[in-house]
Amino acid sequence: MTEFWLISAPGEKTCQQTWDKMMAATTRTNNLSTNHKFSIPDLKVGTLDVLVGLSDELAKLDSFVESVVKKVAQYMADVLEDSRDKVQENLLANGVDLVTYITRFQWDMAKYPIKQSLKNISEIISKQVTQIDNDLKTRASAYNNLKGNLQNLERKNAGSLLTRSLADIVKKEDFVLDSEYLITLLAVVPKTAYTDWQKTYETLAEMVVPRSSNLLFEDNDSGLFSVTLFRKAIDDFKHKARENKFTVRDFQYNEEEMKADKEEMTRLSTDKKKQFGPLVRWLKVNFSEAFIAWIHIKALRVFVESVLRYGLPVNFQAMLLQPNKKTMKKLREVLNDLYKHLDSSAAAIIDSAMDIPGLNLSQQEYYPYVYYKIDCNLLDFKV
């Protein structure tokens, strides 16, 4: 399970007692979750008005930063293409895996100084993550253009003989070049019609050079044949060939054009390789930055919500629960029993909602205790 529940409850006589009670209820006898203390420093409280406003702002910021974290993770998966199984080992926070980072969370005093007001800290995070989001758009756009152009060229060099580029198949000596009267055409002939072609190509039009057809290349379905004829018979030959289900490709041998195409493909391929390393490094660094920022927002939200709900002086215990998948419902019930005295109206909503079909509590997610979910499954696919 990569889902965590970050909760807080008011300190009893001491915060340790709050922790012990929760541990006893969830792990001592029934093993409903794996729990960790979640350390939040002494932040500046400010005024009630500011806290209420900040509560809404942090909710929006939480959603935005989560979306950026997911975008960076997903783009890492896209960039790694064939190495998608390596994505997880590149998605680290401060050099450790995400579960380790969350369960051993320590506030980063250097990045987010706690002498600053809560509003200032949230603005620092907002600016930082907006910058990451903008940089990602720019870098992704440049790399995707390069990748797209390369894929288009690769597509031209693959696929059926009816559509693919012939530049890497034909040679100069396959053609009659620089002749005022003669021209070499290329016809795609289904494998099942090779015999028909050999029997009929000389008579498809007047002025076809006898015995001028050679098989230049085959794929699974067809062969590419050359045939030489007089220029004035081109239209007639194409028309008759089409009637016999032979397709004449619209192709002129141009050495300079073919060389330019090959050079372009080499250039794009080299550029892509050059950009790949720095891009992956940038994604690793900025995924870590965005994820760390996201968990700090969760910490800010717990702090603000705990002060708003439980009052001053600041006295609450933040706790991180990793639920066992099979017993999540039971864990929810145990926590509601443990904390329903904190907010009787919330307990009543929950008790009645348990049996009302169609009322999706996960959308409301209001409980008598402070609660935020952290889901570390950040990718759309299973790696």
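This is a predicted model, so every value here is computed, not measured. (Residues numbered from 1 in each chain as written. Predicted model: local features only at pLDDT ≥ 70, side-chain atom pairs only at ≥ 80, totals over all residues. Heavy atoms only, no water.)

## Quick notes on helix H1 (residues 15-28)
So, step 1. Compared with the 20 Å implied by 1.5 Å per residue over 14 residues, the 19 Å span of H1 between its first and last C-alpha is a close match.
So, step 2. Here H1 has its buried residues at Thr18, Trp19, Met22, Met23, Ala25 and Thr26.
So, step 3. Looking at the buried positions of H1, the neighbouring elements they touch are strand E1 (3-10), strand E2 (33-37), strand E7 (316-323) and helix H9 (328-339). (Helix = DSSP H or I, 4+ residues; strand = E, 2+ residues; numbered from the N terminus. Expected span 1.5 Å × (residues − 1). Buried < 20%, exposed > 50% of the residue type's maximum accessible area, 1.4 Å probe, protein only. Contact = heavy atoms within 4.5 Å.)

## A short note on the environment of methionine 109
So, step 1. Tracing the chain through its elements places methionine 109 in the loop between helix H4 (98-103) and helix H5 (118-156).
So, step 2. Between the C-alpha atoms of methionine 109 and proline 41, which are 68 residues apart in sequence, the distance is 9.3 Å.
So, step 3. In this view, methionine 109 contacts Pro41 and Ile114; residues no more than four positions away in its chain are not counted.

## Side note on unusual backbone geometry
So, step 1. Residue proline 313 follows leucine 312 across a cis peptide bond; omega there is -5°.
So, step 2. Within the secondary structure, proline 313 is located in the loop between helix H8 (255-310) and E7.
So, step 3. Not every positive phi belongs to a glycine, and aspartate 178 is a case in point at roughly 55°.
So, step 4. Among the secondary structure elements, aspartate 178 is positioned in the loop between H5 and strand E3 (182-190).
So, step 5. Even without being a glycine, methionine 207 presents a positive backbone phi close to 70°.

## A short note on the pairing of E3
So, step 1. Extensive coverage of E3 is indicated by the burial of seven of its nine residues.
So, step 2. In this structure, E3 lies alongside strand E5 (residues 222-230), joined through nine bridges in antiparallel fashion. When the sheet's bridge partners are listed, valine 189 is paired in E5 with glycine 223.
So, step 3. Here E3 pairs with strand E6 (residues 247-249) via three bridges, running antiparallel. Considered in E6, the bridge of alanine 187 is made with valine 248. (Pairing = 2+ DSSP bridges.)

## Remarks on a nonpolar patch on the surface
So, step 1. Nonpolar side chains collect at one region of the surface, where Tyr181, Met207 and Phe230 lie side by side and expose about 300 Å² of accessible area between them.
So, step 2. Residue classification places tyrosine 181 among the exposed residues on the basis of a relative accessible area of 54%. (Patch = residues over 30% accessible without salt bridge, like charges linked within 9 Å, V, L, I, M, F, W, Y side chains within 5 Å. Areas by Shrake-Rupley, 256 points an atom, 1.4 Å probe, with all protein chains shown as cover. Salt bridge = Lys/Arg side-chain N within 4 Å of Asp/Glu carboxyl O.)

## Overview of the sheet that holds E6
So, step 1. Strand order across the open sheet formed by four strands is E4-E5-E3-E6, with antiparallel pairing between neighbours. The open sheet terminates on both sides in strands that have one partner only, identified here as strand E4 (214-218) and E6. Taken over all neighbouring pairs, the strand axes of this sheet differ in orientation by 35° on average, direction set aside.
So, step 2. The strands touched by helix H7 (residues 234-243) within the sheet are E3, E5 and E6, with E5 carrying the most contacts at an inclination of about 150°. (Axes fitted to C-alpha atoms, helices over the stretch in contact; angles between N-to-C directions.)

## Some details on the nonpolar core
So, step 1. Counting 64 residues, the largest nonpolar core has Phe38, Ile40, Ile125, Leu283, Phe287, Phe291 and Ile295 as its most contacted members.
So, step 2. Sorting the residues of this core by element identifies E1, helix H2 (48-80), H4, H5, H8, E7 and strand E8 (370-375) as the ones contributing at least two each.
So, step 3. When residues in this core are grouped by element, the largest group, 18 residues, is from H8.
So, step 4. Once residues lying within four places of it in the same chain are set aside, the contact partners of phenylalanine 287 are Val69, Val72, Ala73, Leu91, Leu92, Leu98 and Leu378.
So, step 5. Leu185, Ala187, Trp197 and Ile234 belong to the second largest nonpolar core, which has 20 residues in total. (Core = buried A, V, L, I, M, F, W, Y, C linked by side-chain atoms within 4.5 Å.)

## Digging into the packing of aromatic side chains
So, step 1. Here the structure, examined in full by the defined rule, presents 18 aromatic pairs.
So, step 2. Measuring from ring centre to ring centre gives 5.1 Å for tyrosine 194 and phenylalanine 225, while their planes differ by 85°; the resulting arrangement is edge-to-face. Residue tyrosine 194 is found in helix H6 (residues 194-200), and its partner phenylalanine 225 is found in strand E5; the two are separated by 31 residues along the sequence. Pair check on accessibility: tyrosine 194 and phenylalanine 225 agree, each one buried.
So, step 3. Ring pairs connect the aromatic residues Phe38, Tyr101, Phe105, Phe287, Phe291 and Trp294, which therefore count as one cluster.
So, step 4. When the ring centre of tyrosine 367 is taken as origin, the NZ or CZ atom of arginine 332, which lies over that ring, is 4.0 Å away.
So, step 5. The ring of tyrosine 371 is capped by arginine 332, whose NZ or CZ atom sits 4.2 Å from the centre of that ring. (Phe/Tyr/Trp six-rings, centres within 6.5 Å; stacked < 30°, edge-to-face > 60°. Lys NZ or Arg CZ within 6 Å of the ring centre and 35° of its normal.)

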